[in-house]
Amino acid sequence: APSSDAELDALLRAPTDRRLFHLAYAMIERAYSVDRLHEITAIDRWFLYKLENICAVHRALRDPHQTLQRLTRAQLETAKRAGFSDAHIASLLGSGADESGVRAARSAFGLRPFVKRIDTLAGEFPAPTNYLYTTYNAATDDVQFGGDDAVMVLGSGVYRIGSSVEFDWCGVSAIRALRALGRKTVMVNYNPETVSTDFDECDRLYFDELSQERVRDIYELEQAAGVVVSVGGQLPQNIALALHRAGVRVFGTSPEMIDAAEDRHRFSQILDRIGVDQPAWKELVSVADAEAFAASVGYPVLVRPSYVLSGAAMNVAHDSHMLREHLGLAAAVSPEHPVVVTKFIRGARELDIDAVAHNGALIVHAVCEHVEDAGVHSGDASLILPPASLPPGVMDRVREIGAKVARAFEISGPFNMQIIMQPAADAGGEVLLKVIECNLRASRSFPFVSKVTDTDFVDAATRAILGEGVPAPVDLMSRKWPYTAIKVPQFSWTRLAGADPFLGVEMASTGEVACFGATPAEAYLVALLSTNGFRLPAPGKAIYIGVDDLTDPRIAQRIARHFAGAGYTILTDCESTRSIIADAGARVVELDYVDRHKLRDAVFDNEIDMVVNLAKRRPDGKLDANYCMRRMAVDFAIPLVNDQRCAEMLVDALEALPKGTATALYGDQPLNIETPVAVKTWREYLEMKNVD
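This report concerns the structure included in the present document. (Residues numbered from 1 in each chain as written. Predicted model: local features only at pLDDT ≥ 70, side-chain atom pairs only at ≥ 80, totals over all residues. Heavy atoms only, no water.)

What follows deals with the side chain of Asp-9. Within the element layout of this structure, Asp-9 appears in helix H1 (residues 5–13). Buried within the structure, Asp-9 lacks any salt-bridge partner; Arg-36 is the closest side chain of opposite charge, at an N-O distance of 4.2 Å. Ignoring sequence-local partners within four residues, the contact set of Asp-9 consists of Tyr-32, Arg-36 and Ile-40. (Helix = DSSP H or I, 4+ residues; strand = E, 2+ residues; numbered from the N terminus. Buried < 20%, exposed > 50% of the residue type's maximum accessible area, 1.4 Å probe, protein only. Lys, Arg positive; Asp, Glu negative; His and termini not counted. Salt bridge = Lys/Arg side-chain N within 4 Å of Asp/Glu carboxyl O. Contact = heavy atoms within 4.5 Å.)

Structure representation (structure tokens):
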């Protein structure tokens, strides 16, 4: 909070995204008048009076003499019309009030929201369109509730990193499967960009928040048969247990089991009981205990909160200083749930398993292999389907693990697992498989595996959730596939000024591109070239390479040798890196990252046309050389490769290219650097699997 009025006034004058909160603070805590705020901010008084109305309700509810028992119907209705949720009202009342108590009081007063249609015709004609919302600022409903035993499907809410069109596809596919089964459908979602919020996709469409309060309101009004929470990503999962305990019927996997999978302690106990291996872990009690655990298992360790999407606040700590810093961040982002510290396994690969089960029995599953080493979030990783380099027997062991987990958690519906594949300690020994995460919901890779295998995983999951028309079990991974598909991430670094183009355990990508190919190398190159901002370097230009102490020098040497052999100049930023790749003829070019004009001239003069930064340690600040190198590539629209395994696979793909296929040169190979391999349709690839 600002320490003085002068500091607060300065914050109010600045038109930032935090200004609204500063206005509320000034009205509630400092008793600033509308006129005073108008003088400081020049915001029209009309808007300020509207804010003052809300703040007046806030102050009345926070009055120390006000309690839930003393709250009148008029006061509660005023608060609801002003937009206060039951949970917010309870927090302001204090004195032991909770959300369920406020809801009970509201029900006793007969207060409920009304359902209105969004007027899509500007009031000129009746608008019977299926766009509905709830409000307390009304006196009648625009629709009738017939008790059609409809199934409610909860969407994913606003698009953000980790929750985007993939979950929209899952929601739409679930609705279509329900309608094919003859069920009435109700979609609750509040993002107009989604297909799930098209008025003709479902029988009832509610543009409304995905909160426990609002979902219960709609559930009761619609007299719904139940709710589907497993196709909309993390947000519906977070309220599943509260809905269940409030008496809402949740279709599919029990919310108690969903909670057990999200709670690291209970999840690990179940894995131990069924004989499924996992990395060493400890639930946080104190910083000292976390440091003692890290010291006992050895750094690096992974810090992870519970009930979060896309690895929010998840970080790898390489020392005690980083551990303390990451523990504070994890506790802040998920304060109601424990923080877990897990042993981070270097040099391991990760497998992604998307599956559907019914009453604990596995129906269908797909296994994707990550290109990157473990430690890159699955949403940022490049996935290969079917896997290209699994040792013998691993696929059967993965299926067995999936079957055990489905049985233990009594899964009916979709689920996703991440498994670490750790090399054997002894030559010729069996690789270790350790489960690191399990989400009892559809994942963002469900659309990918569905399209590659030509099997609608969400349709199967929906039937399993309802227990109607459940398909017979099938093992897709036992088939011999004549093609490979690879999904690569799409980033928006150019729109995020100063953001570090670094791959880690917290998701950063804003999209993805999936492509087919006759081989993994071909599919990877086509997918990479299909992303915005990536292209092959022009012949005769320079490749700028950076590493750190965690980089595998063998990979750095191979990358440098390949590009040098193709006729490119190899540059690096320091003598230590040059010594690693000296046999590629590398030379040192130190760049001035502070002076942008000098930096631009140096990039132009040295003809840098690709940056390969293989550093694996997240930098402490913006003066770090590897951060500056990566950011330079983004800011100057230079193609960037920022993972050593991806760089290695890129070289594999380039070395596998046929010669004499097109018009431009890559090194000494005559090929088209825009589309170096033939492009086929999805149907053409699917027809390949039908040929003996």
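This part is about the pairing of strand E14 (residues 413–422). Summarising burial for E14: nine of the ten residues are buried, a large majority. Looking at chain direction, strand E11 (residues 349–358) and E14 are connected through nine bridges and run antiparallel. Directly across from Arg-349, in E14, lies its bridge partner Met-421. Pairing of E14 with strand E15 (residues 432–439) involves seven bridges; the strand directions are antiparallel. (Pairing = 2+ DSSP bridges.)

What follows deals with the packing of aromatic side chains. Scanning the model with the defined rule gives eleven aromatic pairs in all. Ring geometry for Tyr-483 against Tyr-685: centres 6.0 Å apart, planes inclined by 70°, an arrangement best described as edge-to-face. On the criterion of sequence distance, the pair formed by Tyr-483 in the loop between helix H17 (457–466) and strand E16 (484–490) and Tyr-685 in helix H24 (residues 682–688) is long-range, its members being 202 residues apart. Tyr-685 gets classed as buried once you look at its relative accessible area, which sits at 3%. Joined through ring pairs, the aromatic side chains of Trp-481, Tyr-483, Phe-516 and Tyr-685 make up one cluster. Positioned over the ring face of Trp-682 is Lys-451, at 5.0 Å from the centre of the ring. Of note, Arg-683 hangs over the ring of Trp-682, and the distance from its end group to the ring centre comes to 4.6 Å. (Phe/Tyr/Trp six-rings, centres within 6.5 Å; stacked < 30°, edge-to-face > 60°. Lys NZ or Arg CZ within 6 Å of the ring centre and 35° of its normal.)

Turning our eyes to something else, we now look at the pairing of E11. Buried residues dominate E11, accounting for eight of its ten residues. In this structure, E11 lies alongside strand E12 (residues 361–373), joined through nine bridges in antiparallel fashion. Following the sheet pairing, Ala-355 is matched in E12 by His-365. Between E11 and the antiparallel strand that follows it, E12, lie two residues; Asn-359 among them carries a positive phi value of about 50°.

Pairing is parallel across the open sheet formed by five strands, whose spatial order is E20-E19-E18-E21-E22. A strand with exactly one partner marks an edge of an open sheet, and here the two such strands are strand E20 (587–588) and strand E22 (640–641). Contacting strand E18 (542–546), strand E19 (569–572) and strand E21 (608–613), helix H19 (residues 553–565) runs over the sheet at an angle of about 145° to E19. (Axes fitted to C-alpha atoms, helices over the stretch in contact; angles between N-to-C directions.)

So, about helix H22 (residues 625–635). In terms of burial, H22 is largely enclosed, as nine of its eleven residues are buried. Turning to H22, its buried residues number three or more, namely Asn-626, Tyr-627, Cys-628, Met-629, Arg-630, Arg-631, Met-632, Ala-633 and Val-634. Looking at the buried residues of H22, the elements they touch are E18, helix H21 (596–605), E21 and E22. In this structure Asp-624 caps H22, since a side-chain oxygen of it lies 2.9 Å from the backbone nitrogen of Asn-626. (Polar contact = N/O pair within 3.5 Å; in protein donor to acceptor, adjacent residues only side chain to side chain.)

Attention shifts here to the nonpolar core. Counting residues in each nonpolar core, the largest one holds 97 residues, and the members touching the most others are Met-152, Leu-154, Phe-409 and Phe-415. Ranked by residues supplied to this core, first place goes to H17 with seven residues. Core analysis: the next-biggest nonpolar cluster, separate from the first, contains 43 residues, Leu-529, Phe-534, Leu-536 and Ile-555 among them. (Core = buried A, V, L, I, M, F, W, Y, C linked by side-chain atoms within 4.5 Å.)

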